[in-house]
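# Structural overview
These are the residues of each chain, in order.
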Amino acid sequence: MIHAAGSGHPGGSLSAAELVACLYFRVLRYTVGRPDDPSRDRFLISKGHGVPVVYAALARAGCIPVDELKSLRRIDSRLQGHPDHVRLPYVEAATGSLGQGLSVALGMALAERLDVKHDYRTYCLLGDGELQAGQVWEAAMAAGKFKTSRLTAIVDYNKVQLDGHVRAIMDLEPLADKFAAFGWHVEQIDGHCVESVLTALEAVTAQSEKPSVIIAHTVKGKGVSFMEDTHAWHGKAPTTEELERAIAELEAD
Amino acid sequence: MGKATRAAFGETLARIGAQHPRVVVLDADLASSVQTKKFADAYPERFFQIGIAEGNMVGVAAGMALCGLTPFIASFACFVTGRFEQIRMSVGYNNANVRIVGTHSGIGIGEDGYSQMGLEDLALMRSLPNMVVLQPADAIEAEKATEFLADYNGGPAYLRLTRQNVADLNGDGYRFEFGKGVELREGNDLAIVASGACVGEAMAAAELLSKRGLSVAVVNIHTIKPIDSDLLHRLASRCRRILTVEDHGIVGGLGSAVVEALSECREVVVRVHGVRGYGESGTGVELFAKHGLDADGIARVAAEFIARDSDRHGV
Ligand SMILES: Cc1ncc(C[n+]2csc(CCOP(=O)(O)OP(=O)(O)O)c2C)c(N)n1
């Protein structure tokens, strides 16, 4: 997809592959063809640049044609470079300016409480670099106050952002303590282990007082040796030869 | 003197809350100032205290709107529209039905000074393609605009309100027509096109000018976006001179909207009058006088404008 587009963000899409797959194929309740179903679970990708992994899941789930993936970033495509909710209602909100999605997800979780007719859960996937934005912590503080137990944040903690390693740019640690101090229930897992991801997503449903965060330890560019753990592949498309090597590695996996 | 448009807004919101179960109100620690306290007391389950975190308030409101609610988020105009990037991304681009309410607009707030004055808010909100922008001129218009926004379902909207009391201009039976300017006074030598707190001053200025033999129309623009382009073109052909007056910076506000609407019109000369430079402390009345936004100041600017334009035409 990103190769066909000639630009995009492979690193942060690959690190979230298992997280997004578990959500779309095991956890989220939604009806294909009915993106406006008021009782659907809400999933927001706050790190909007990672949306190719969501488009891939939507195609696999049958929400959009697989063929359409080739239109990523092309003129008039619904698959904008970053999510566009108006063009493609399957993405719950436009994102791409980092730091805003958790607030929007909190609004959805609060709306659910006022909705006497429909029950749904709200999930929000965040980047680790994204957590440097102050608004994330405004939202975290507010979710703790409002005790939105049906809100789950998932941090794709791949340790790398755009300019380099998170640790060197603006360290987040101790991250679990920070969320706990804001009134959140915290799960820490290996974000590439499907079983752990599913267990954590199940565990958070037991919460009735606190919002939950799943800190998923991941590897940026996971599955493609030359893309792993480097910011070099944060935002560039592979050449045809690189794509072939990448697919061979992923298939051998 | 009538009351502040923020007061009329707050009373209306509390009054219509029962018939509008989808309306929710978000606050960033200013409920008593922006007058949403009455709603909070009447409907505590639909009132959300977000704390001094306006960016988060914008985002939370967007999420609520995307789930079918109609959130009103109110703060001082400068603080709420100052979260422009959140508004552009989470509200505008999602076409979310969020009602952004900016009170304490302009130098009219007085003593608090520049940091609390909304002087760029219209420029910011007008720049978003789908944002409706309303600025009522008196209490009854604020009431009608609030009712309109509670029902409106077409996307985001901005409502700009005053801290200070403003004169009553419209009678009890007033009908608010979205998108339509209101010609409060007819005239042929000049049309003063004003909005918000400046409309009352413009009416008084027109009275002063009539004593000097000048026939001046006054038009109230409560819907700054989409602006009443037809009316502006009619005024252009009839009066040939338009003076815009607003308590907002001269870049991007009502004046800019009028000039944009008339950009291909050869028949008219437009003069944009508003606040130049940063605001400052003083009473609202003193500041209106200093910046030429009171009746005397508007009359002076209008007379100069007419005289200069007449010279140019050799009339
Ligand atoms: C507010 C904002 N600032 C800067 C950017 C540019 N940007 C896009 S992705 C990115 C790095 C994101 O890193 P991270 O959140 O760790 O995402 P991931 O590593 O999962 O791709 C930056 C700085 C942006 N999109 N938004």
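Everything numeric in this text was worked out from a predicted model, so none of it was measured. (Residues numbered from 1 in each chain as written. Chains lettered and ligands numbered in written order. Predicted model: local features only at pLDDT ≥ 70, side-chain atom pairs only at ≥ 80, totals over all residues. Heavy atoms only, no water.)

### Side note on the domain arrangement of chain B
Residues and elements named next belong to chain B. Definition in use: Domain delimitation follows an automatic or database domain assignment. Reported buried area values correspond to the accessible surface (1.4 Å probe) lost by two parts on association, with both partners' losses combined. Salt bridge criterion: a side-chain nitrogen from Lys or Arg within 4 Å of a carboxyl oxygen from Asp or Glu. In protein, a polar contact means a hydrogen-donor-capable atom and an acceptor-capable atom, both N or O and within 3.5 Å, with residues adjacent in sequence counting only if both atoms are side-chain atoms; elsewhere, any N or O pair within 3.5 Å suffices. Secondary structure elements follow DSSP: runs of H or I no shorter than four residues count as helices, runs of E no shorter than two count as strands, and numbering proceeds from the N terminus. Here the nonpolar group is Ala, Val, Leu, Ile, Met, Phe, Trp, Tyr, Cys and Pro; Asp, Glu, Lys and Arg are the charged ones; every other residue, Gly included, is treated as polar.
Looking at chain B, the domain boundaries give domain 1 (5-160) and domain 2 (182-312). Domain 1 and domain 2 are separated by 26 Å when their C-alpha centres are compared. Together domain 1 and domain 2 conceal approximately 2100 Å² of surface at their shared face, both sides included; 55% is due to carbon and sulfur atoms. Of all residues in domain 1, the largest losses of buried area upon contact with domain 2 belong to I107, R126 and Q135, amounting jointly to 34% of the total for that side. The tally of links from domain 1 across to domain 2 stands at one salt bridge. For E260, the salt bridge is made with R126, and the minimal N-O distance between the two is 3.0 Å. Inspection of the region where domain 1 meets domain 2 yields 22 residue pairs in polar contact (both at pLDDT 80 or more). At the level of secondary structure, the elements contributing two or more residues to the side of domain 1 that touches domain 2 comprise α7 (121-126) and β5 (132-134). The element contributing the most residues to the side of domain 1 that touches domain 2 is α7, with four residues. Split by residue class, the side of domain 1 that touches domain 2 holds 14 nonpolar, eight polar and seven charged.

### Let's talk about the sheet that holds strand β3 (residues 70-76) of chain B
Residue and element names in this part refer to chain B. As a reminder, the rule being used: At least two DSSP bridges between two strands are needed for those strands to be called paired. Geometry is summarised by axes, namely lines fitted to C-alpha atoms with helices restricted to the contacting stretch, and by angles between N-to-C directions that run from 0 to 180 degrees.
Strand order across the open sheet formed by seven strands is β2-β1-β3-β4-β6-β5-β10, with mixed pairing between neighbours. Only two strands of the sheet have a single partner each, and these edge strands are β2 (47-49) and β10 (223-225). Neighbouring strand axes in the sheet, compared pairwise and without regard to direction, differ in orientation by 20° on average. In this sheet, β10 lies alongside β5 in antiparallel orientation, the contact comprising two bridges. Bridged to L134 within β10 is T223.

### Some remarks on the site of the ligand
All names here are of chain A. So the rule is basically this: Throughout, near means a residue has at least one heavy atom within 4 Å of the molecule or strand. Only the protein chains shown count as cover for residues, with accessible areas throughout obtained via the Shrake-Rupley method and a probe of 1.4 Å.
If you check the shell around the ligand, you find 16 residues, and the closest are K47, H49, D128, V160 and K220. In the environment of the ligand, an oxygen atom lies 2.8 Å from a nitrogen or oxygen atom belonging to the backbone of G129. Contact between the ligand and K220: an oxygen atom at 2.6 Å from a side-chain N or O atom of the residue. In the complex, 74% of the free accessible area of the ligand, which totals 590 Å², lies under the protein chains.

### Brief notes about the interface of chain A and chain B
Applied cut-off: Here, residues are in contact when the closest pair of their heavy atoms is within 4.5 Å.
With 28 residues of chain A at the interface, the matching set in chain B holds 24 residues. In total, about 2000 Å² of surface goes out of reach between chain A and chain B, with carbon and sulfur atoms giving 62% of it. There are ten residue pairs in polar contact (both at pLDDT 80 or more) connecting chain A and chain B. Of all elements in the fold, only α5 (101-114) and α6 (134-146) of chain A reach the threshold of two or more residues within the side of chain A that touches chain B. Ranked by the residues each element gives to the side of chain A that touches chain B, the list is headed by α5(A), at eight residues. A per-class count over the side of chain A that touches chain B returns 14 nonpolar, nine polar and five charged.

### Observations concerning the pairing of strand β8 (residues 190-194) of chain B
All names here are of chain B. So the rule is basically this: Whether a residue is buried, partly exposed or exposed follows from its accessible area with a 1.4 Å probe, protein chains only, as a fraction of its type maximum: under 20%, in between, or over 50%, in that order. With strands facing away from the observer, any crossover in which the path from the first strand over the helix to the second runs clockwise is taken as right-handed.
Counting buried residues along β8, five of its five residues qualify, which places the element largely inside the surrounding structure. Side chains L190, I192 and A194 project from β8 onto one buried face, and the interleaved A191 and V193 project onto a second face that is buried too. What joins β8 to strand β9 (residues 216-220) is helix α9 (residues 198-211), and the crossover it makes is right-handed. Where β8 and strand β11 (residues 241-249) come together, four bridges link them in parallel fashion. Note that in β11 the partner of A191 across the bridge is I242.

### A closer look at the packing of helix α4 (residues 54-66) of chain B against helix α6 (residues 84-92) of chain B
All names here are of chain B. Rules: By the definition adopted for this analysis, an angle is roughly parallel if under 35 degrees, roughly antiparallel if over 145, roughly perpendicular if from 65 to 115, and oblique otherwise.
At a minimum axis separation of 9 Å, α4 and α6 run at an interaxial angle of 10°. In terms of axis orientation, α4 runs roughly parallel to α6. Residues G55, V58, G59 and A62 of α4 lie in contact with α6, whose contacting residues are Q86, I87, S90 and V91. Split by residue class, the contact of α4 with α6 holds four nonpolar, four polar and no charged.

### A look at the pattern of salt bridges
In the structure shown here, the tally under the stated rule is 23 salt bridges over all chains. Its salt-bridge partner being A:E241, residue A:R245 comes within 3.6 Å of it at the nearest N-O pair. Note that A:R245 and A:E241 are positioned in helix α10 (residues 240-252) at a spacing of four residues, about one turn of the helix. For A:E241, a relative accessible area of 45% translates into the label partly exposed. We note a salt bridge from B:D309 to B:R312, for which the minimum N-O separation is 2.6 Å.

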